[in-house]
Amino acid sequence: MKKTALVTGGARGIGRAISKVLAEDGWTVAVNYLNSEEAALSLSREINCLLVKADVSDENQVSAMFKRIKSEIGSIDLLVNNAGISSYGLFTDITPEEWRKMFSVNVDGVFYCCRQAVPDMIRKKHGCIINISSMWGQVGASCESAYSASKAAVIGLTKALAKELGPSGIRVNCISPGCISTDMLGCFSQSELDALIDNTPLGTLGSPEDIAEMVCFLASEKCRFVTGQVIGANGGFVI
Ligand code: NAP
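Rules behind the numbers
- Residues numbered from 1 in each chain as written.
- Predicted model: local features only at pLDDT ≥ 70, side-chain atom pairs only at ≥ 80, totals over all residues.
- Heavy atoms only, no water.
- Pairing = 2+ DSSP bridges.
- Helix = DSSP H or I, 4+ residues; strand = E, 2+ residues; numbered from the N terminus.
- Axes fitted to C-alpha atoms, helices over the stretch in contact; angles between N-to-C directions.
- Contact = heavy atoms within 4.5 Å.
- Salt bridge = Lys/Arg side-chain N within 4 Å of Asp/Glu carboxyl O.
- Expected span 1.5 Å × (residues − 1).
- Buried < 20%, exposed > 50% of the residue type's maximum accessible area, 1.4 Å probe, protein only.
- Arc of directions from axis to C-beta.
- pLDDT = per-residue confidence, 0-100.

*Asks:* Looking at this structure, I do not really get the sheet that holds strand S7 (residues 230-233). What am I missing?
*Replies:* Taken in spatial order, the seven strands make up an open sheet running S3-S2-S1-S4-S5-S6-S7, and their pairing is parallel. One side of each edge strand has no neighbouring strand; the edge strands of this open sheet are strand S3 (49-53) and S7. In this sheet, neighbouring strand axes are inclined to one another by 20° on average, regardless of whether the strands run parallel or antiparallel. As defined by bridge partners, strand S4 (residues 78-81) adjoins strand S5 (residues 127-132) across four bridges and the pair is classed as parallel. Across the sheet, residue Leu78 finds its bridge partner in S5, namely Cys128. Strands strand S1 (4-7), strand S2 (28-33), S4 and S5 of the sheet are contacted by helix H1 (residues 13-24), whose axis makes an angle of about 170° with S1.

*Asks:* I'm lost on the pattern of salt bridges in this one. Help?
*Replies:* Oppositely charged side chains may form a pair once their charged atoms are brought near each other. Following the criterion strictly, the structure yields ten salt bridges and no others. Between Lys20 and Glu46 there is a salt bridge; the shortest N-O distance is 2.7 Å. A residue pair is termed long-range when its members are at least 10 positions apart, and Lys20 in helix H1 and Glu46 in helix H2 (residues 37-46) qualify at 26 residues. In this structure, Arg123 and Asp120 form a salt bridge, with 2.5 Å as the shortest nitrogen-oxygen distance. Here the residue Arg123 and the residue Asp120 both occupy positions in helix H4 (residues 96-124), the gap between them amounting to three residues, near one helical turn. By sharing partners, the salt bridges in this structure join Arg16, Lys20 and Glu46 into a single network.

*Asks:* Even after reading the chapter, I still don't get helix H8 (residues 208-219), so can you show me in this structure?
*Replies:* Helical geometry: 3.6 residues make up each α-helical turn, so side chains three or four residues apart lie on a common side. Along its twelve residues, H8 runs 17 Å from first to last C-alpha, staying within 8% of the 16 Å computed at 1.5 Å per residue. For H8, the complete set of buried residues consists of Pro208, Ile211, Ala212, Val215, Cys216, Leu218 and Ala219. For H8, the angular spread of the buried residues around the axis is 165°, confining them to a single face. Contacts made by the buried residues of H8 are with H1, S4, S5, strand S6 (170-177) and S7.

*Asks:* Can you walk me through the pairing of S6 in this structure?
*Replies:* Strand residues, when the strand is regular, have side chains that alternate between the two faces of the sheet. The buried fraction of S6 amounts to eight of the eight residues, a majority that puts the element mostly inside the structure. Side-chain alternation along S6 places Ile170, Val172, Cys174 and Ser176 on one buried face and Arg171, Asn173, Ile175 and Pro177 on a second face that is also buried. Summarising the sheet, S5 and S6 pair through six bridges and their orientation is parallel. For Asn131, the partnering residue across the bridge sits in S6 and is Cys174. Judged from the four bridges that link them, S6 and S7 form a sheet pairing that is parallel. Note that in S7 the partner of Ile175 across the bridge is Ile231.

*Asks:* Could you clarify how one ought to interpret the confidence of the model for the protein in this entry?
*Replies:* The predicted structure's coordinates, where accompanied by low pLDDT, should not be read in detail. In this model, the protein carries an average pLDDT of 97, and 99% of its residues clear a pLDDT of 70 or more. Looking over the protein, one finds the lowest element-wise mean pLDDT in helix H7 (residues 190-198), namely 96, and the highest in S5, namely 99.

*Asks:* Explain unusual backbone geometry to me, please; I cannot follow it from the model alone.
*Replies:* Even without being glycine, Lys125 reaches a positive phi, approximately 60°. With respect to the secondary-structure elements, Lys125 resides in the loop between H4 and S5. You can call Lys125 exposed: its relative accessible area is 53%. For Cys143, which is not glycine, the phi torsion reads 65° and is therefore positive. Look at Cys143 and you get partly exposed, because its relative accessible area is 22%.

Here's what the structure looks like:
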């Protein structure tokens, strides 16, 4: 199988680790970024990749990104929808604008990227989509209602697409990380992080590499009979 991948939000955090592990595994990787240009440039010095700037919540930018990828490295075989935002606060304080912003990146972004990737995958009769959800999309988090709802939507989309696209040889799965040590946890104090660790049976935060290795495995032929699944990588937090 030809191995061309797009990782959204691939310049830092979990996405950066995914981009690196896929490149090491022989994938030609297009790395999407929005604000992290410096990080993207430094990654392109570490691995051979195509950098593409785009806001995944903007349909026109996503369309332009796919056009560029197709003309420079060909149509993609693997789409990793990793880009995401989070927020923390009381439900009663969430404004409609904040709610819409959450869904525009975490849900619309996945929709726009799938919408661009799927027609070529159907034509080729093969392809793989891996969506990065969250354990909070499975069980809900207090004070993260917009985030939890957006990540639950990603799980629903994953399952529906797996059913619809399976006959076209396309696998669609979802990884549901627990607490992973990235900037996204920056809003938590040390005591809050310690509490999260206490609630994790394996007694530690996960690393971006823990998720990246799972992506690489799910994308491989070893998982050719796996689709529509929500794979928890959470140290046992959600069982
Ligand atoms: P992070 O360090 O905050 O990185 C977020 C990434 O998303 C960045 O690469 C950022 O790109 C990108 N991004 C945000 N908005 C974007 C937009 N509109 N268009 C394009 N890219 C955008 O977070 P992370 O921990 O690596 O999170 C990666 C994914 O894992 C997210 O979907 C997150 O919800 C999920 N997750 C994380 C955890 C955790 O504990 N860390 C747990 C469960 C799930 P730029 O910097 O270039 O703007």
